[in-house]
Amino acid sequence: VKPAKHWSTEYKYFFPQLCVVVNNIEQLRLVLLKLPSQLDWERLERKTAHIIGPEQFQHTLHNQLDSAVACLDREIRDVVQALAQKLEADITKHIRALSACSDSREPGDCIIPLMKFLEASLQYMNENLVQENFNSLLTLLWAHVLSVLTDVCKQQGTSPMYYKRLQFALKNLELCFHGEGCGLPLEDLHPAIFTALESELELCSSSSRELIQQYFCKRIQQQQGATTEKFGAVTVKVMYCHSEQKLRVEILNAVNLIPLDSNGSSDPFIQLTLEPRHMFPAVEARTTQCKKNDLHPLFDEVFEFLVSPEQCEQEGACLLLTVFDYDALRSNDLEGEAFVALHNLPGLKEEDQTDLCRVTQTRLPLIYPKPSGDQLLQLLEGRKGDKEAQAFVKIRKQRAKQSKEAQR
């Protein structure tokens, strides 16, 4: 058994010795398993039936053989475990080293030391262990890889490039351990911890703008799933005029608003913004007139926004309607929010033209932002050096604070 190149002196002595041990034990196990057929135990049992009963024969030979094989299986597992533990320390060291690489380096460069180490070690083990024991070793090492990657993924306040390196490492390690079908099967490579890690890395490696888009996708889904009008509702008509490249919004009314003033009423108005802001940088927020002392205000106001179809079709693009209660002395109170996805509006397709009077009215229940615990906002908040991320979190936190105060 020849040691692999570039191994330390300890490895060059340790691994060949353990491979010899585990292969010798495996050979002995195979010899024992062949004893019943080689010694023709069935014929022996028939010839001694008048002297040794079936139960005694079973105990004397079969049970003793099973016990011996089980003992050897445990010994093999212990040796394979010892091999894995020796490799795990270096795997941990290499994974932590690649996670600490500079963001200016390419992920492919950062994982070279880890992949070279695994290539040499696993190739050696594959050549010097029987397939069953090699697969057992791979299983132990893969579990360790996922555990270490999950651990380093929990580091807070790191850049998207940090997670991109880990994501790149996970994909390459998966290919390495699969070995084009010669290693672990894909179902063994994808336990629950792998799926959770893969999703986490996909999320954390996203840019701040991608996270903001995902945030609005979630809010649109929340809007579509709203079934009650606990905080009231707004009725609107929204369409896209392809010939004029304009988004047209008619605010009809709001109903059943929460009274937020001391007199038991509210002074509502609606703010219209196109979100996310980075998709519509030239579009300014618009507002309706303020309706004094009215929980069921009638607005009947039309607004137009000059935007392209491509802008409307982007993931997360939406019209945000924010209903406020006007307050002359303090900041305005939040009545609720409503979200309208823009990707499937009437008229967005050039062949699907219509006019606003023919568009169906849409009644949108008002919803509140969650006061805390939103994973996307937590990720964005952790990016201290990203001004856009911090500005977005500040706005959403302010909305959440306003909603919390309104529910008191």
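To be clear, the structure that these remarks concern was listed above.
Residues numbered from 1 in each chain as written. Predicted model: local features only at pLDDT ≥ 70, side-chain atom pairs only at ≥ 80, totals over all residues. Heavy atoms only, no water.

Caption draft 1: Region of the structure containing the overall build of the protein. Each helix and strand counted, the protein has 13 helices and 8 strands in total. Its C-alpha atoms give the protein a radius of gyration of 33 Å, clearly above 22 Å, the size a compact globule of 408 residues would have. For the protein, the spread of C-alpha atoms along the principal axes amounts to about 105 × 60 × 50 Å. Counting only residues that meet the buried cut, the protein has 46% of its 408 residues in that class. Nonlocal contacts in the protein, meaning residues at least 24 apart in sequence, comprise 74% of its contacts between residues at least 6 apart. Accessible surface, the protein: about 21,800 Å² in total, of which carbon and sulfur atoms supply 51%. The average position of the 45 basic charges and that of the 55 acidic charges among the side chains of the protein differ by 4 Å. (Helix = DSSP H or I, 4+ residues; strand = E, 2+ residues; numbered from the N terminus. Rg over C-alpha atoms; globule rule 2.2 N^0.38 Å. Buried < 20%, exposed > 50% of the residue type's maximum accessible area, 1.4 Å probe, protein only. Contact = heavy atoms within 4.5 Å. Areas by Shrake-Rupley, 256 points an atom, 1.4 Å probe, with all protein chains shown as cover. Lys, Arg positive; Asp, Glu negative; His and termini not counted. Charge placed at Lys NZ, Arg CZ, Asp CG, Glu CD.)

Caption draft 2: Here's a closer look at the packing of helix H5 (residues 112–128) against helix H7 (residues 160–178). For the pair H5 and H7, interaxial distance at closest approach is 11 Å and the crossing angle is 10°. One finds that H5 runs roughly parallel with respect to H7. Contacts between H5 and H7 pair Leu114, Met115, Leu118 and Leu122 from the former with Asn172, Leu173, Cys176 and Phe177 from the latter. Its residues placed into classes, the contact of H5 with H7 shows 7 nonpolar, 1 polar and no charged. (Axes fitted to C-alpha atoms, helices over the stretch in contact; angles between N-to-C directions. Parallel < 35°, antiparallel > 145°, perpendicular 65-115°, else oblique. Nonpolar A, V, L, I, M, F, W, Y, C, P; charged D, E, K, R; others polar.)

Caption draft 3: Seen up close, the pattern of salt bridges. Within this structure, the stated rule accounts for 16 salt bridges. In this structure, Arg363 and Glu229 form a salt bridge, with 2.8 Å as the shortest nitrogen-oxygen distance. One end of the pair, Arg363, is in strand E8 (residues 362–365); the other, Glu229, is in the loop between helix H10 (208–225) and strand E1 (233–241), and 134 residues separate them in sequence. We classify Arg363 as partly exposed; its relative accessible area is 44%. (Salt bridge = Lys/Arg side-chain N within 4 Å of Asp/Glu carboxyl O.)

Caption draft 4: Summary view of the pairing of strand E5 (residues 298–306). Every second residue of E5 is oriented toward a common face, the buried set being Phe299, Glu301, Phe303 and Phe305 and the non-buried set Leu298, Asp300, Val302, Glu304 and Leu306. Examined bridge by bridge, strand E2 (residues 246–255) and E5 share 7 bridges and lie antiparallel to one another. Within the sheet, the bridge partner assigned to Arg248 lies in E5 and is Glu304. (Pairing = 2+ DSSP bridges.)

Caption draft 5: Here's a closer look at the packing of aromatic side chains. On inspection of all chains with the given rule, the structure shows 9 aromatic pairs. Relative to Phe392, the ring of Tyr215 has its centre 5.4 Å away and its plane inclined at 80°; by these criteria the two rings are edge-to-face. One end of the pair, Tyr215, is in helix H10; the other, Phe392, is in helix H13 (residues 387–406), with 177 residues separating them in the sequence. Members of the aromatic cluster, joined through ring pairs, are Tyr215, Phe216, Phe339 and Phe392. Lying across the ring of Phe305, Arg286 places its NZ or CZ 5.6 Å from the centre. (Phe/Tyr/Trp six-rings, centres within 6.5 Å; stacked < 30°, edge-to-face > 60°. Lys NZ or Arg CZ within 6 Å of the ring centre and 35° of its normal.)

Caption draft 6: Structural view of a negative patch on the surface. Together, Glu198, Glu202, Glu210 and Glu315 line one region of the surface with negative charge. By relative accessible area, Glu202 is classed as partly exposed at 47%. (Patch = residues over 30% accessible without salt bridge, like charges linked within 9 Å, V, L, I, M, F, W, Y side chains within 5 Å.)

Caption draft 7: Expanded view of the sheet that holds E8. Ordered by their spatial adjacency, 4 strands build an open sheet running E5-E2-E1-E8, and the pairing between neighbours is antiparallel. Of all strands in the sheet, those with a lone pairing partner are E5 and E8, marking the two edges. When strand polarity is set aside, the average angle formed by the axes of neighbouring strands in this sheet is 30°. Here E1 runs beside E2; their pairing, made up of 9 bridges, is antiparallel.

Caption draft 8: Seen up close, the sheet that holds strand E3 (residues 268–275). As summarised here, the arrangement of the 4 strands in space is E4-E3-E6-E7, forming an open sheet in which the pairing is antiparallel. Looking at strand neighbours, the two that pair on one side only are strand E4 (286–287) and strand E7 (333–341), the edges of this open sheet. Note that E3 and E4 share 2 bridges and pair antiparallel. From the neighbouring strand, Gln271 faces E4, where its bridge partner is Thr287. Strands in contact with H10 are E3, strand E6 (318–325) and E7; relative to E7, the strand with the most contacts, it is inclined by about 95°.

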